[in-house]
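Spelled out, the chains give:
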Amino acid sequence: GEDVEQSLFLSVREGDSSVINCTYTDSSSTYLYWYKQEPGAGLQLLTYIFSNMDMKQDQRLTVLLNKKDKHLSLRIADTQTGDSAIYFCAEKRGTNAGKSTFGDGTTLTVKP
Amino acid sequence: DAGITQSPRYKITETGRQVTLMCHQTWSHSYMFWYRQDLGHGLRLIYYSAAADITDKGEVPDGYVVSRSKTENFPLTLESATRSQTSVYFCASSRQGTDTQYFGPGTRLTVL
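Remember, it's a predicted structure, so these values are computed and weren't measured experimentally.

### Details of the environment of Q96 of chain B
Residue and element names in this part refer to chain B.
Okay, step 1: Take Q96: it is sitting in the loop between β9 (87-94) and β10 (102-103).
Okay, step 2: Placed 67 residues apart in sequence, Q96 and H29 show a C-alpha to C-alpha distance of 7.1 Å.
Okay, step 3: Aside from chain neighbours lying at most four places away, what touches Q96 is S30 and Y31.

### Some thoughts on the confidence of the model for chain B
Okay, step 1: Residue-level pLDDT values for chain B average 92, and 96% of them are 70 or greater.
Okay, step 2: When mean pLDDT is taken per element in chain B, strand β8 (residues 76-78) of chain B scores highest with 98 and β10 of chain B scores lowest with 90.

### Side note on the pattern of salt bridges
Okay, step 1: Taken as a whole and assessed by the stated rule, the structure comprises 6 salt bridges over all chains.
Okay, step 2: E38 of chain A is the partner of K36 of chain A in a salt bridge, and the nearest nitrogen-oxygen pair spans 3.2 Å.
Okay, step 3: Judged by its relative accessible area of 9%, K36 of chain A falls in the buried class.
Okay, step 4: Accessibility expressed as a relative area gives 36% for E38 of chain A, which makes it partly exposed.
Okay, step 5: Across the pair D38 of chain B and R44 of chain B runs a salt bridge, and its minimum N-O distance is 3.1 Å. Taken as a pair, D38 of chain B and R44 of chain B share a single burial class, namely buried.
Okay, step 6: Salt bridges linked by common partners bring R36, D38 and R44 of chain B together as one network.

### What to know about the side chain of T13 of chain B
All names here are of chain B.
Okay, step 1: If you trace the backbone, T13 turns up in strand β2 (residues 10-13).
Okay, step 2: Take T13: its relative accessible area is 6%, and that puts it in the buried class.
Okay, step 3: Sequence-distant contacts of T13, defined by excluding residues within four places in its chain, comprise V19, A81, L109, T110, V111 and L112.

### Some words on the sheet that holds strand β1 (residues 4-6) of chain A
Remark on secondary structure: sheet strands pair via backbone hydrogen bonds, oriented parallel or antiparallel.
All names here are of chain A.
Okay, step 1: Reading across the sheet, the 5 strands line up as β1-β3-β8-β7-β6 and stay open at both edges, with antiparallel pairing between neighbours. The sheet terminates laterally at β1 and β6 (55-58), the two strands that pair on one side only. For this sheet, the mean inter-axis angle between neighbouring strands, taken without regard to orientation, is 15 degrees.
Okay, step 2: Across 6 bridges, strand β7 (residues 61-66) lies against strand β8 (residues 71-76) in antiparallel orientation.

Parameters at a glance
Residues numbered from 1 in each chain as written. Chains lettered and ligands numbered in written order. Predicted model: local features only at pLDDT ≥ 70, side-chain atom pairs only at ≥ 80, totals over all residues. Heavy atoms only, no water. Helix = DSSP H or I, 4+ residues; strand = E, 2+ residues; numbered from the N terminus. Contact = heavy atoms within 4.5 Å. pLDDT = per-residue confidence, 0-100. Salt bridge = Lys/Arg side-chain N within 4 Å of Asp/Glu carboxyl O. Buried < 20%, exposed > 50% of the residue type's maximum accessible area, 1.4 Å probe, protein only. Pairing = 2+ DSSP bridges. Axes fitted to C-alpha atoms, helices over the stretch in contact; angles between N-to-C directions.

So, in structure tokens, the structure goes:
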């Protein structure tokens, strides 16, 4: 079955890089997403990557995909206190009628 | 541009009562989704809809009913609320099944 796993917590100092990791089991995943959830708010799409790519960069965000190991990571450069939030990894197959499977989320704490 | 809204934002009810959570989107997106978010479980799909009058079960549909008479609305009804349905409920929509999902702000439901 489909499964997406993430570590639950990550703590970094302001200005350092953060790396949030995710593994998934469905080899037919075609889309992989990173969402950010701030306290009391809904999920906000940060970035996504197609399964035929191995890297995507968007300003401070870098997504790396290792399709062979089914491993996805999100690197946040120069992490700021405003980056403190829960980050969700999600995968979707192109043929599964729109359903996504989400990880349980990684709580990122940025210390000043 | 209102986007996707949910109401109410907070709701307290009692066991056995019927509760309806509303979701409205202004983008004319075809797909709409309902998730619940609980500690330790991440996001779990309750129901989704590919178009008006088309709905399908997700991972945890028991105890919930949905309808989609209009493209822009996707209400979720708890026919007889139970304490285990205390959760934060998120509605989402996407233009097509393979597109990114956009999330509402969530409804925090407490069942006493």
